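Per-entry structural report
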Amino acid sequence: MTMSDSRPIGIFDSGVGGTSIWKEITSLMPYESTIYLADSLHAPYGSKSPEEIRALCQKNTDYLLSLGAKIIVVACNTATTNAIGHLRATYEVPIIGIEPAIKPAAAQSENKAIGILATKGTLNSQLFADTSERFTRDMDLIEVEGKGLVPMIENGDIHSEKMVALLRDFMKPMIAAKIDYLVLGCSHYPYLIPLLKKILPASVKIIDSGLAVARQTKAVLQASGLRTKATTLGEHHMYTNLETTTTLELLVGNHMPNTSFESKSF
Ligand code: DGL
């Protein structure tokens, strides 16, 4: 028996950055509906303790489930690396996470030198330690904390002079180590790709995990009989717990029709 499930895909992030993942998901599955939570009131997660991050993830998941989500996508590396096990142990719905794309970068690096730009919370997590130990044992892994980037992106700052200066500084050790892959280990950072491309040598490839997460979400929905059979475009509700939806609207633009933006408390 084939089933059809028109309930929305629930997606959350510590703020607006996970919209980079939302874009991949909605492009890959345009007939699915979504609800996106930007927990910007509590951003950044990266400087919080694992216990605090787990509590925030649980709050977001509870809210998405109360709105009828059929699957939860944790569109935040910091939340995934600190709380995915806890979420999977707590809830019955499928939970999809995002992790820095260390494995493909390591597999393809010819220079045997890759860089990762991520939050402190991700770089300090056990899951990240395990992944890097497993895949980068025979190469240089240059870890740089993107200190200050998330709050700036939350304010819609993705190309100021201050941002350029900060990124130039962060990229210095990467360029010195002759990396050929830069892994973006935070879902906010894909919005910085245009600037990073100007700063890094043209030979450096920049990778993030957005498309991989969208593909994994699709595969899990399929395998669980949770895909919609609709043949009209989905509806998308983007919620923030700030008073203004400005940055959310700025970053999402008109990527998908039927998209609404609203401030809510959660
Ligand atoms: N988008 C989140 C991530 O992928 C940002 C984390 C934070 O809020 O510090 O890690």
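Placed above this text is the structure.
What counts, and at which threshold
- Residues numbered from 1 in each chain as written.
- Predicted model: local features only at pLDDT ≥ 70, side-chain atom pairs only at ≥ 80, totals over all residues.
- Heavy atoms only, no water.
- Helix = DSSP H or I, 4+ residues; strand = E, 2+ residues; numbered from the N terminus.
- Rg over C-alpha atoms; globule rule 2.2 N^0.38 Å.
- Buried < 20%, exposed > 50% of the residue type's maximum accessible area, 1.4 Å probe, protein only.
- 1 Å grid on protein atoms, 1.4 Å probe; cavity = no way out; pocket = protein on both sides within 12 Å on 5 of 7 lines; lining within 4 Å.
- Points joined across faces, edges and corners; volume = space filled by probe spheres on them.
- Nonpolar A, V, L, I, M, F, W, Y, C, P; charged D, E, K, R; others polar.
- Pairing = 2+ DSSP bridges.
- Axes fitted to C-alpha atoms, helices over the stretch in contact; angles between N-to-C directions.
- Contact = heavy atoms within 4.5 Å.
- Salt bridge = Lys/Arg side-chain N within 4 Å of Asp/Glu carboxyl O.

Broken down by element type, the protein chain carries eleven helices and ten strands. The C-alpha atoms of the protein chain give a radius of gyration of 18 Å, which matches the 18 Å a tight globule of 266 residues would have. The C-alpha extent of the protein chain, read off along each of the three principal axes, is 55 × 40 × 35 Å. Split into buried and exposed, the 266 residues of the protein chain put 53% on the buried side.

Looking now at empty space enclosed by the protein. Summed over the entire model, instances satisfying the criterion amount to one cavity of 30 Å³ or more. Approximately 50 Å³ is the volume found for the largest cavity. Considering the residues around the largest cavity, the lining is formed by D13, S14, P44, Y45, G46, C76, T78, T119, V150, C186, S187 and H188. Here the lining of the largest cavity is composed, by residue class, of five nonpolar, six polar and one charged.

The parallel open sheet is built from four strands, whose spatial order is β6-β5-β7-β8. The outermost strands of the open sheet, each flanked by one partner alone, are β6 (140-145) and β8 (205-207). Ignoring which end each strand starts from, the neighbouring axes of this sheet average 20 degrees apart. Bridge count for strand β5 (residues 113-118) against strand β7 (residues 181-185) is five bridges, and the pairing is parallel. Across the sheet, the residue bridging to I114 is Y181, located in β7. Across the sheet, helix α8 (residues 161-176) lies against β5, β6 and β7, angled at about 170 degrees from β6, the strand it touches most.

Before going further, it helps to spend a moment on the pattern of salt bridges. Scanning the model with the defined rule gives nine salt bridges in all. In this structure, the salt-bridge partner of E133 is R137, at a minimum N-O distance of 3.2 Å. Ionic contacts of the salt-bridge type, sharing partners, join the residues E32, K70 and R227 into one network.

In short, geometric facts, not functional conclusions.
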